[in-house]
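Structural description and commentary
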Amino acid sequence: MKKSFLQNKDKKISKIFVVTGFIFIVFFSIYFAISIALSKTAAYTENDLLFGIDTIRVIDDMTVFSADHYRTSVHPLYLLFINPWGVILKKIIGSKLLAALAINSFFGALGVGIAFLFFYTYGKTITNAALLSSFFGISASQVILSITPDTATLAICSLLGTYLLFLVSLKDQKNYLFLWILIGIFSLGVTTSNFAQTFICYTALVITQDSQKSVSKKVFSVLGYGLCVFMITFAFALFQKTIYPSAGLFYLPVSIQDEMKYSSLLIFKEPFTVLFHLVKHFFVVNIISPLPTVFTLSGTFRHSPSITFSTTAEFGFIWWTGLILWISLYTTSLVHIWKNKTNRTLQITFLICFGFNFVLHSFYGVGERGLIEYFLYTGNFTFLLVSILTNLPLEQKEYLVVLLIGLILLVGENNFLALREIYFIYR
């Protein structure tokens, strides 16, 4: 019996990895195919064309050793994580653009695979976990960020790794400190502000575990963790600087000062305007996008127009139908959480992480060049929103599975139409 149980367990683990690999291959193929199609247009030829993303700069960060890598001031170890592989891949493929698109699509698909592992670990069946991860994979934020070379896809993977480790730690009631240090270095090394979410999750874990510990010991544990991650990242940043002389150092005051140009206090002058855009990007267009609006970015000469979802006002039947279904399933999940009060630590912690991003972007990403452009930041919080659907009782109520499949089809079709519009704009 024992041998039979172990054999069944091994088979189940193997099946999970096979499904994860299949999901990865499917979404890598989707993202890379769309990327290739867009690469034949002008979409990747200039910075700030697609939702304010610095496409050219990131392509160079990924694949060119001697480029000006100044943005490591906010992406501290991004070069160490990506550039060596990008340089090698560029030599093999013969094109830095194709190499960057392949890397970006890889991490975009990897994020969907990690999302599947999260949903399955949460307690969903393989089928339902695959459906939920597919919904995340076809969300507007995940699709567009996975086809546009940027640091976002790697940042999303670091955050998904944090959420998965947090869930496993809560389930096992263990503090996997070494893994937490690694994921902390990963999240801080990709984007400085994202470490806040890892720190919040670790803090929640320490608070809920070891009730015997005094408050002072818990505070010491949390602060010690943060200091350990910072010092290791600090050391690697210095090492990176010796390899890439143009790289910025994230801990210097000038790095913080440079970021202030992307911030403003507009929320105090026009609170309803800023809140409207926050709600719009945090709950709607990051999931189901409208058709983009074309505009000319002032200040510099550009061969092509820029696009945004911030000022769009064109919503079709599919968009409205998908939005109603999304709101219905989202509300159903919230009601189920309220009634059953399951996984409260996880839900409250995710809510705090979501709130952190909401407050941060009340000031950051506002007012640069007179614009409010939030879409390029949506990867930092979209999964937190989608994860609410883990509370749908899909195993007990089969009609919810049907509705979820309908939502996936509607959102997928809608977002495909938006991508087609982007293709025609830049063709």
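Residues numbered from 1 in each chain as written. Predicted model: local features only at pLDDT ≥ 70, side-chain atom pairs only at ≥ 80, totals over all residues. Heavy atoms only, no water.

1. With respect to the overall build of the chain
- Counting its secondary structure elements, the chain contains 17 helices and two strands.
- Taken over C-alpha atoms, the radius of gyration comes to 21 Å for the chain, in line with the 22 Å a tight globule of 427 residues would show.
- For the chain, the spread of C-alpha atoms along the three principal axes comes to 70 × 50 × 50 Å.
- Relative to its full complement of 427 residues, the chain shows a buried share of 53%.
- Considering only contacts within the chain whose residues lie at least 6 apart along the sequence, 77% involve residues at least 24 apart.
- About 19,500 Å² of surface is accessible on the chain, with carbon and sulfur atoms providing 70% of the total. (Helix = DSSP H or I, 4+ residues; strand = E, 2+ residues; numbered from the N terminus. Rg over C-alpha atoms; globule rule 2.2 N^0.38 Å. Buried < 20%, exposed > 50% of the residue type's maximum accessible area, 1.4 Å probe, protein only. Contact = heavy atoms within 4.5 Å. Areas by Shrake-Rupley, 256 points an atom, 1.4 Å probe, with all protein chains shown as cover.)

2. Concerning a nonpolar patch on the surface
- Residues W85, I88, I92 and I93 make up a contiguous nonpolar surface patch of roughly 460 Å² in combined accessible area.
- Positionally, I93 belongs in helix α3 (residues 78-93).
- Residue classification places I93 among the partly exposed residues on the basis of a relative accessible area of 38%. (Patch = residues over 30% accessible without salt bridge, like charges linked within 9 Å, V, L, I, M, F, W, Y side chains within 5 Å. Salt bridge = Lys/Arg side-chain N within 4 Å of Asp/Glu carboxyl O.)

3. Structural notes on the nonpolar core
- Core analysis: the largest hydrophobic core is formed by 124 residues, its most contacted members being F118, F135, F166, W180 and W326.
- Among the elements that take part in this core, helix α7 (residues 152-172) stands out by supplying 13 residues, more than any other.
- With near-sequence residues (within four places) excluded, F135 lies in contact with I287, W326, V386, L389, L407, I408 and V411. (Core = buried A, V, L, I, M, F, W, Y, C linked by side-chain atoms within 4.5 Å.)

4. Concerning unusual backbone geometry
- Phi is positive for D48, close to 70°, though the residue is something other than glycine.
- Its place among the elements puts D48 in the loop between α1 (2-39) and α2 (55-63).
- On the basis of relative accessible area, D48 is assigned to the buried category, the value being 10%.
- Unlike most non-glycine residues, Q173 shows phi in positive territory, near 55°.
- Here Q173 is to be found in the loop between α7 and α8 (177-190).

5. Looking at the packing of helix α5 (residues 126-138) against helix α6 (residues 140-147)
- Contact geometry of α5 with α6 gives a least axis separation of 4 Å together with a crossing angle of 60°. For the element pair α5 / α6, the angle class is oblique. Counted together, F136, G137 and I138 of α5 and A140, Q142 and V143 of α6 form the full contact between these two elements.
- Grouping the amino acids of the contact of α5 with α6 by side-chain chemistry returns four nonpolar, two polar and no charged. (Axes fitted to C-alpha atoms, helices over the stretch in contact; angles between N-to-C directions. Parallel < 35°, antiparallel > 145°, perpendicular 65-115°, else oblique. Nonpolar A, V, L, I, M, F, W, Y, C, P; charged D, E, K, R; others polar.)

6. What about α8?
- Over its 14 residues, α8 extends 20 Å from the first C-alpha to the last, a length consistent with the 20 Å expected when each residue adds 1.5 Å.
- Along α8, the residues that are buried comprise W180, I181, I183, G184, I185, S187, L188, G189 and V190.
- Among the structural elements, α3, α7, α9 (195-208) and α10 (215-243) are those in contact with the buried residues of α8. (Expected span 1.5 Å × (residues − 1).)

7. Brief notes about the packing of aromatic side chains
- Applying the stated criterion to the full structure yields 42 aromatic pairs.
- For the pair F106 and F107, a centre-to-centre distance of 5.2 Å together with 90° between the ring planes defines the contact as edge-to-face.
- Pairing W326 with Y330 gives two aromatic rings, centres 5.4 Å apart and planes at 45°, and the pair type is tilted. Here Y330 and W326 lie together in helix α14 (residues 317-340), a separation of four residues that amounts to about one turn. For the pair shown, W326 and Y330 are each scored as buried.
- In this structure an aromatic cluster arises from ring pairing among F118, F119, Y122, F136, Y163, F350 and F383. (Phe/Tyr/Trp six-rings, centres within 6.5 Å; stacked < 30°, edge-to-face > 60°.)

8. Here we look at the pattern of salt bridges
- This model, assessed by the stated rule, comprises four salt bridges.
- D61 serves as the salt-bridge partner of R57, at 3.1 Å between the closest nitrogen and oxygen. Within this pair, R57 and its partner D61 are both found in helix α2, separated by four residues, close to a single helical turn.
- The closest approach of N and O atoms between K124 and E395, which form a salt bridge, is 3.5 Å. On the criterion of sequence distance, the pair formed by K124 in the loop between α4 (96-122) and α5 and E395 in the loop between α16 (382-386) and α17 (398-426) is long-range, its members being 271 residues apart.

9. Regarding the state of the cysteines
- Scanning all chains against the criterion turns up zero disulfides.
- Free of any disulfide, C201 has its nearest cysteine sulfur in C353, 4.1 Å distant.
- The class for C201 is buried, based on a relative accessible area of 0%. (Disulfide = S-S within 2.5 Å.)

10. A look at α14
- Along its 24 residues, α14 runs 35 Å from first to last C-alpha, staying within 8% of the 34 Å computed at 1.5 Å per residue.
- Turning to α14, its buried residues are W319, G322, L323, L325, W326, L329, Y330, S333 and I337.

11. Overview of the confidence of the model for the chain
- Taken residue by residue, the chain gives an average pLDDT of 92. The fraction at 70 or more is 96%.
- Across the chain, α6 holds the top mean pLDDT of 98, while helix α11 (residues 253-259) sits lowest at 80.
- Low pLDDT, under 50, characterises residues 1-6; the predicted model gives this stretch zero contacts beyond four residues in sequence or across chains. (pLDDT = per-residue confidence, 0-100.)

12. Brief notes about the environment of L278
- Locating L278 in the fold gives a position in helix α13 (residues 271-283).
- Sequence separation between L278 and A247 is 31 residues, and the spatial gap between their C-alpha atoms is 32 Å.

13. Structural notes on the environment of T312
- Secondary-structure assignment places T312 in the loop between β2 (306-308) and α14.
- Taking the relative accessible area as the measure of exposure, T312 reaches 8% and is therefore buried.
- Considering only alpha carbons, one finds T312 and G111, 201 residues apart in sequence, at a separation of 28 Å.
- For T312, the contacting residues outside a window of four places in its chain are K280, P290, L291, P292 and T293.

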